[in-house]
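Understanding the architecture of this molecule
The primary structure of each chain is shown beneath.
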Amino acid sequence: MKSVWMITLIASAMLLLVVVVRNRLSFRWLRRFALHLVAAALVLYLLNYSGVVTGFEVPLNPATIGTVVLLGLPGIALVLGLQVTLF
């Protein structure tokens, strides 16, 4: 069963790559997404080590970075709110 899922993943990744290469607009979207991803990681890193928010340390993982990429500033507030609520 694992091999079926692996084949499906590889096939879908290849088809996605074909769509991205054939459509030039996708490169602009991909570049913008990468820029937002790096900016979100940098903001979370600076938030952790600058001391602006004391007593909290937001982990740098795909879930927190993805939340900040999708939501922006409210994403940071959401992650900090979850940190307060859960821990």
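In this text the structure is predicted, and so the values were computed from the model without any measurement.

It is worth spelling out the side chain of Thr64 at this point. Structurally, Thr64 can be placed in helix H3 (residues 62–71). The contact partners of Thr64, leaving out residues within four places of it in the chain, are Leu44, Val58, Pro59 and Val79.

With that out of the way, let us pick up a nonpolar patch on the surface. A surface patch of nonpolar side chains, amounting to about 690 Å² of accessible area, comprises Leu17, Val21, Phe27, Trp29, Leu30, Phe33 and Leu37. When residues of the nonpolar patch are traced back to their parent elements, those giving at least two are helix H1 (2–22) and helix H2 (24–50). In terms of residue count, the dominant contributor to the nonpolar patch is H2 (five residues). With respect to the helices and strands, Leu30 occurs in helix H2. On the accessibility criterion, Leu30 (39% relative accessible area) is partly exposed.

In this structure the tally under the stated criterion is two aromatic pairs. Geometrically, the ring pair formed by Trp29 and Phe33 is stacked, given 5.9 Å between the ring centres and 10° between the ring planes. Within this pair, Trp29 and its partner Phe33 are both found in helix H2, separated by four residues, close to a single helical turn. Between the aromatic rings of Tyr45 and Tyr49, the centroid separation amounts to 4.8 Å while the plane-to-plane angle is 55°, which identifies the pairing as tilted. With a gap of four residues between them, Tyr45 and Tyr49 both fall in helix H2, about one helical turn apart. Classification of Tyr45 by relative accessible area gives partly exposed; the value is 42%.

The next thing to look at is the nonpolar core. If you look at the biggest cluster of nonpolar residues, it comprises 10 residues: Ala40, Leu44, Leu47, Val58, Ile65, Val68, Val69, Ile76, Val79 and Leu80. Every element with two or more residues in this core is listed here: H2, H3 and helix H4 (73–86). Not counting residues up to four positions away in its chain, the partners in contact with Val58 are Leu44, Leu47, Asn48, Thr64, Val79 and Leu80.

Right, let's talk about the environment of Ile7 for a bit. Looking at the secondary structure, you find Ile7 in helix H1. Sequence separation between Ile7 and Ala77 is 70 residues; the distance between their C-alpha atoms is 39 Å.

What counts and how
Residues numbered from 1 in each chain as written. Predicted model: local features only at pLDDT ≥ 70, side-chain atom pairs only at ≥ 80, totals over all residues. Heavy atoms only, no water. Helix = DSSP H or I, 4+ residues; strand = E, 2+ residues; numbered from the N terminus. Contact = heavy atoms within 4.5 Å. Patch = residues over 30% accessible without salt bridge, like charges linked within 9 Å, V, L, I, M, F, W, Y side chains within 5 Å. Areas by Shrake-Rupley, 256 points an atom, 1.4 Å probe, with all protein chains shown as cover. Salt bridge = Lys/Arg side-chain N within 4 Å of Asp/Glu carboxyl O. Buried < 20%, exposed > 50% of the residue type's maximum accessible area, 1.4 Å probe, protein only. Phe/Tyr/Trp six-rings, centres within 6.5 Å; stacked < 30°, edge-to-face > 60°. Core = buried A, V, L, I, M, F, W, Y, C linked by side-chain atoms within 4.5 Å.

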